[in-house]
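Descriptive structure summary
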Amino acid sequence: MADLDVGELAPQFDLPRDGGGSLSLASLLGKPVVLYFYPQDDTTGCTNEAIGFSQLKPEFEKLGAAVIGLSPDSVRKHDKFKSKYDLTIDLVADEERKVIEAYHLWLEKKLYGRRYMGVERATFLIGGDGRIARIWRNVRVKGHAEAVLEAVRALTATSPEA
């Protein structure tokens, strides 16, 4: 399976979300969407990433952009995670990993010589037209939310219907 590329239509999803209900990519058509994938709630890197996006949420909102965090954790874990760190971004649960696999992010990882399957930390910026505008793979958390915000600014500056 080939990786997704900029310009391709983003794979659709409709997943359970924190706080109840569901969230679909189709419901956000017409606005930029920052869809970031992370391995697990309440781990150091994932917590720092979620806090970074939450702190910048007002800036993303000024640009009309939605920020969604996606992991294989349950809605219940997402609710605890959001409450513990006062997170303001939306979190969706992909417990069956269907969306994670559609974005080609379920892969073999290696840590301290041990091999295991897991979620690659990655972010997709999806334009208002539903097409992938930018991809960050193997994300390093420090400064990432700020870099994504700059990309959203650039996208919305060049596209009236970002």
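Residues numbered from 1 in each chain as written. Predicted model: local features only at pLDDT ≥ 70, side-chain atom pairs only at ≥ 80, totals over all residues. Heavy atoms only, no water.

**With respect to the sheet that holds strand 5 (residues 90-93)**
Across the sheet, five strands lie side by side as 5-4-3-8-9; this open sheet has mixed pairing. Two strands in the sheet have a free side with no partner beyond their single neighbour: strand 5 and strand 9 (132-136). Ignoring which end each strand starts from, the neighbouring axes of this sheet average 20° apart. Pairing analysis gives four bridges linking strand 4 (residues 66-71) to strand 5, with the strands arranged parallel. From the neighbouring strand, L70 faces strand 5, where its bridge partner is V92. With respect to the sheet, helix 2 (residues 75-85) is in contact with strand 4 and strand 5, its orientation differing from that of strand 5 by roughly 155°. (Pairing = 2+ DSSP bridges. Helix = DSSP H or I, 4+ residues; strand = E, 2+ residues; numbered from the N terminus. Axes fitted to C-alpha atoms, helices over the stretch in contact; angles between N-to-C directions. Contact = heavy atoms within 4.5 Å.)

**Some thoughts on the environment of E8**
Turning to its location among the elements, E8 is positioned in the segment before strand 1 (14-16). The exposure class of E8 is partly exposed, given its relative accessible area of 32%. In the structure, E8 is positioned 123 residues away from R131 in sequence and 5.3 Å away in space, judged by C-alpha atoms. (Buried < 20%, exposed > 50% of the residue type's maximum accessible area, 1.4 Å probe, protein only.)

**Some words on the side chain of R121**
For R121, the position within the fold is in the loop between strand 7 (114-119) and strand 8 (122-126). Within polar-contact distance, the side chain of R121 engages the side chain of E49 at 2.7 Å. Contact partners of R121, with chain neighbours within four places excluded, come to F37, Y38, P39, G45, C46, E49, W136, R137, N138, V139 and V141. (Polar contact = N/O pair within 3.5 Å; in protein donor to acceptor, adjacent residues only side chain to side chain.)

**A short note on helix 4 (residues 144-158)**
Between its terminal C-alpha atoms helix 4 stretches 21 Å, which fits the 21 Å expected from 15 residues at 1.5 Å a residue. Within the sequence span of helix 4, burial applies to H144, A145, V148, L149, A151, V152 and L155. Along the long axis of helix 4, the arc covered by the buried residues comes to 160°, so they all point the same way. More than 90 degrees from the buried face of helix 4, the exposed residues found are A157 and T158. Those residues of helix 4 that are buried lie in contact with strand 3 (33-37), helix 1 (44-62), strand 8 and strand 9. (Expected span 1.5 Å × (residues − 1). Arc of directions from axis to C-beta.)

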